[in-house]
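# Examination of the molecular architecture
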Amino acid sequence: MRLNTPSAWLLQSALWGLCLFASAGCVHSEVPHNRLSGTGFMESRAEAQKAASVPSAEPSEQSETNTDGHERLGDMFVRQGNWTLALLQYGRAIQSAPEPARARYKRGLLYLTQGMVDEAEADFRAILHGAPRHAPAMIGLARVLFQRGQLQPAAEFARQALQEAPGMWKAHALLGMVYDYQQQHEQAIAEYQAALRIKPDQPQIQNNLGRAWYLAGHYKQAVHHFEQALRMGQTAPQAYNNLGLALAMQRAYGPAWEAFRKAGSEAQAYYNLGVVYLEAGKPGNAVACLEKAIEQSPQFYTRANDQLSLAQSLLQKEHLGRTPSNKRSETGCP
């Protein structure tokens, strides 16, 4: 499918957008966010904390150094955000447990939180060696493989997980990201929709669904799902940036600027909109916005000035080639 979208550099998904281990949050900065981004289907830290909330065995009269005691201590440290001590306690639980799948799975999730994919893979494979039908470990391993760019093996483990647990929405979400990465956006849309039918309260999936619609060239649907993600609590700058790009593709440039502004600073919003105008063949508008970006923030001088020079050159060529019957280029910026 050939997409009717701006140039590839503007819309190519950032690696962060497809990384399953990154937090969905992002620090606001002066660095422009003018690329379409997806999000992981669940923040690893939140997922680890949810796993830690599942109670282990009831306390006994034995010392807290027994298997269940170590696991409970690990859970407590996860809830406190102390990942180092949590890993230590889960490790001790694994060493002392005859069947340590539960503690090993929790440790695997923590390794994902830290980006320690080799260690996470070892834990998930160890679980599957003893329990080949353990669907959560299949998804964990699929996430590791996806992070490494091994898309087909990742997809296979996700499909196996769905065979064992048809209601596992995370498997559909991961398959959606695989398809997006392979530029099979219609298939990605179907997988994200399947995930939302099972788990409708996931703003990350709404965002990724909007991204898939956008890349398939359906901007109205993209705007709808980006707005849904924001209404459901998605607060990452990338979510507002995505909405801005989709609105711009519908020529709603004022609302697009407002969305870009919520993704960062005013200078960033002017820069992003200037690039959008440039890509849309509106050099006069691009010049106005890029000049405002430079005026708002000197940090944008080098980056914006390069685009400004290009826009001015295109505008000059347009003026030279204009006849009295030609329409004058627009020059405004919201």
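Note that residues are indexed from 1 along each chain, following the sequence as it is written. The model is predicted, so local features are restricted to residues of pLDDT at least 70 and side-chain atom pairs to those at 80 or more, both for listing and for counting; the totals for chains, interfaces and linings are taken over all residues. Computation of side-chain values: all heavy atoms of the structure, hydrogens and water removed.

Time to look at the pattern of salt bridges. Here, a salt bridge means any Lys or Arg side-chain nitrogen found within 4 Å of an Asp or Glu carboxyl oxygen. For the structure shown, the criterion picks out 11 salt bridges. With its nearest N and O atoms 2.7 Å apart, the salt bridge here joins R133 to E164. Taken together, the residues span a long stretch of sequence, with R133 in the loop between α7 (117-130) and α8 (135-147) and E164 in helix α9 (residues 151-164) at a distance of 31 residues. A relative accessible area of 31% means that E164 is categorised as partly exposed. Members of the salt-bridge network, linked through shared partners, are E71, D75, R102 and K106. Numbering goes from the N terminus for both helices and strands, where a helix is a DSSP run of H or I of at least four residues and a strand is a run of E of at least two. Residue exposure (1.4 Å probe, protein chains only): buried if accessible area is under 20% of the type maximum, exposed if over 50%, otherwise partly exposed.

This next bit is on the state of the cysteines. Here a disulfide denotes a covalent bond joining the sulfur atom of one cysteine to the sulfur atom of another. In plain terms, two cysteine sulfur atoms within 2.5 Å form what is called a disulfide here. Following the criterion strictly, the structure yields one disulfide and no others. Disulfide pairing is shown between C289 and C333; the S-S distance is 2.0 Å. Between C289 and C333 the sulfur-sulfur dihedral comes to about 105°; the bridge is accordingly right-handed. Of this pair, C289 sits in helix α17 (residues 283-296) while C333 sits in the segment after α18 (301-320), and the two are 44 residues apart along the sequence. Each member of the pair C289 and C333 is classed as buried.

A separate point is the packing of aromatic side chains. For Phe, Tyr and Trp, where Trp contributes only its six-membered ring, two rings pair if their centres lie within 6.5 Å, and the inter-plane angle classes them as stacked under 30 degrees, edge-to-face over 60, or tilted in between. Here the structure, examined in full by the defined rule, presents five aromatic pairs. Considering the side-chain rings of Y214 and Y219, the 5.1 Å spacing of their centres and the 70° angle between planes classify their relative orientation as edge-to-face. On the basis of relative accessible area, Y219 is assigned to the buried category, the value being 11%. With centroids separated by 4.5 Å and ring planes inclined at 40°, the aromatic side chains of Y253 and Y277 adopt a geometry described as tilted. With Y253 in helix α15 (residues 253-263) and Y277 in helix α16 (residues 266-279), this pair connects stretches of sequence that are 24 residues apart.

Moving on, we come to unusual backbone geometry. Even without a glycine there, the phi angle at Q183 is positive, about 60°. Note that Q183 resides in the loop between α10 (169-181) and α11 (185-198). Accessibility expressed as a relative area gives 65% for Q183, which makes it exposed.

Locating R72 in the fold gives a position in helix α4 (residues 67-80). R72 sits in the buried class, given a relative accessible area of 18%. Considering only alpha carbons, one finds R72 and A103, 31 residues apart in sequence, at a separation of 9.6 Å.

This next bit is on the nonpolar core. As a rule of thumb, nonpolar side chains are buried together in soluble globular proteins. Counting 89 residues, the largest nonpolar core has F124, Y214 and L273 as the members making the most contacts within it. Among the elements that take part in this core, α8 stands out by supplying nine residues, more than any other. To define a nonpolar core, start from buried Ala, Val, Leu, Ile, Met, Phe, Trp, Tyr and Cys residues and group those joined through side-chain atoms within 4.5 Å.

This next bit is on the packing of α9 against α10. Think of each axis as a best-fit line through the C-alpha atoms, taken over the contacting stretch in the case of a helix, with angles from 0 to 180 degrees between the N-to-C directions. Contact geometry for α9 and α10: axes closest at 9 Å, N-to-C directions at 155°. Between α9 and α10, the angle falls in the class roughly antiparallel. Between α9 and α10 the crossing geometry is left-handed. Each of L151, A154, A155, A158, R159, A161 and L162 in α9 lies in contact with α10, whose residues at this interface are A171, H172, L174, L175, V178, Y179 and Y181. Angle categories: roughly parallel below 35 degrees, roughly antiparallel above 145, roughly perpendicular from 65 to 115, and oblique for all the rest. Crossing chirality is assigned from the near helix's rotation relative to the far helix, an anticlockwise turn below a right angle marking it left-handed and a clockwise turn marking it right-handed. It only takes one pair of heavy atoms within 4.5 Å for two residues to be counted as in contact.

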